[in-house]
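# Examination of the molecular architecture
Read off the chains here:
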Amino acid sequence: MTVPTGRRERKKAVTRQKIADAALRLFLECGYDAVGIRDVAAEADVAVTTLFSHFASKEALVFEQDDDFEQRLTRAVTDRAPYEPLVPALRREIQALVRHCTADSAAPIRRLIDESPALREYEESMRLRHAESLATAIAADPDLSRTTTACRAIARFVIDAYSLARAAADPKAAVDEIFRMIEAAWEATCPSVNSTSTAGP
């Protein structure tokens, strides 16, 4: 998680975490549908307006690390070492995210999401947003030189890799298998490869 630097930012982060913890506690104890926003605000000892200043919706309370995950994915592109290939950097980050989300402590939250149509729908929209952010970061890197379509396709593959591996019997092996395919797809979009393959005799 990104650590806030200023005093005001740290205070906001503490309040946000307190609300998220209270929400998750209630959701797990009582069920997602049985808990209202006012219940969460009361449990966290904050005003409803304060809750909404940190979370845009009830669904967002369950995915409180949404922004952090999105930033980690884009930073895997923007902060990688000079000349480091893109796909290994993304694979490393996805592997870490899968490890986090398949830990035993995450199982109750996963069940909560799987049992709620509203949360599954929110998760799907979140995944699409993450894919678009990742595609934008890839397209903005002048060293990568791919078409917009290629950047968006690879970003979707990477986000899907996270979802597929998380549900696999062996998540680590699944990440390795999927990223071999992603590597091949990424190499196939290289302009030099395409120009060579389409060149005449």
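Up top is the structure.
The paragraphs below set out a description of the structure included in this document. Just so we're clear, the structure is a prediction, and the values are computed from it rather than from any experiment. (Residues numbered from 1 in each chain as written. Predicted model: local features only at pLDDT ≥ 70, side-chain atom pairs only at ≥ 80, totals over all residues. Heavy atoms only, no water.)

## What to know about the nonpolar core
In this structure, V77, L90, I94, I138, V158, F179 and I182 are the most contacted members of the largest nonpolar core, which totals 31 residues. For this core, the elements supplying multiple residues, two or more each, are helix 5 (66-78), helix 6 (86-101), helix 8 (117-140), helix 9 (148-166) and helix 10 (171-188). For this core, the element with the most residues is helix 9, which contributes 8 residues. Residues V35, A41, A60 and Y122 belong to the second largest nonpolar core, which totals 24 residues. (Core = buried A, V, L, I, M, F, W, Y, C linked by side-chain atoms within 4.5 Å. Buried < 20%, exposed > 50% of the residue type's maximum accessible area, 1.4 Å probe, protein only. Helix = DSSP H or I, 4+ residues; strand = E, 2+ residues; numbered from the N terminus.)

## Regarding the packing of helix 1 (residues 7-30) against helix 2 (residues 37-44)
Where helix 1 contacts helix 2, the axes come no closer than 8 Å and their chain directions differ by 120 degrees. Relative to helix 2, the element helix 1 is oriented oblique. Relative to helix 2, the crossing made by helix 1 is right-handed. Contacts from K18, I19, A22, A23, R25, L26 and F27 in helix 1 reach D39, V40, E43 and A44 in helix 2. Considering only residue class, the contact of helix 1 with helix 2 consists of 7 nonpolar, no polar and 4 charged. (Axes fitted to C-alpha atoms, helices over the stretch in contact; angles between N-to-C directions. Parallel < 35°, antiparallel > 145°, perpendicular 65-115°, else oblique. Left-handed = near helix turned anticlockwise from the far one by under 90°. Contact = heavy atoms within 4.5 Å. Nonpolar A, V, L, I, M, F, W, Y, C, P; charged D, E, K, R; others polar.)

## Things to note about the pattern of salt bridges
Scanning the entire structure with this criterion turns up 14 salt bridges. Across the salt bridge formed by R129 and E70, the nearest N and O atoms sit 2.8 Å from each other. Linking R129 in helix 8 with E70 in helix 5, this pair joins segments that are 59 residues apart in sequence. Of the residues examined, R129 reaches a relative accessible area of 33% and is grouped as partly exposed. Linked by salt bridges that have partners in common, R110, D114, E123 and R166 make up one network. (Salt bridge = Lys/Arg side-chain N within 4 Å of Asp/Glu carboxyl O.)

## What to know about the environment of T102
Structurally, T102 is set in the loop between helix 6 and helix 7 (107-114). As a C-alpha pair, T102 and A150 span 48 residues in sequence and 29 Å in three-dimensional space. Those residues in contact with T102 that lie beyond four places of it in its chain are R166 and P171. Engagement of the side chain of T102 in a polar contact is seen with the backbone oxygen of V98, the distance being 2.7 Å. (Polar contact = N/O pair within 3.5 Å; in protein donor to acceptor, adjacent residues only side chain to side chain.)

## Some thoughts on the packing of aromatic side chains
Taken as a whole and assessed by the stated rule, the structure comprises 2 aromatic pairs. Centroid distance F63 to Y122: 5.3 Å. Interplanar angle 25 degrees. Geometry classified as stacked. One end of the pair, F63, is in the loop between helix 4 (58-62) and helix 5; the other, Y122, is in helix 8, with 59 residues separating them in the sequence. Of the residues examined, F63 reaches a relative accessible area of 9% and is grouped as buried. Over the ring of Y32 we find K58; its NZ or CZ atom is 4.1 Å from the centre of that ring. Above the ring of W186, the side-chain terminus of R146 is found at 3.9 Å from the ring centroid. (Phe/Tyr/Trp six-rings, centres within 6.5 Å; stacked < 30°, edge-to-face > 60°. Lys NZ or Arg CZ within 6 Å of the ring centre and 35° of its normal.)

## Overview of the side chain of E84
Along the chain, E84 falls in the loop between helix 5 and helix 6. Owing to a relative accessible area of 18%, E84 belongs among the buried residues under this scheme. Here E84 is in contact with A89 and R92, once residues within four sequence places are set aside.

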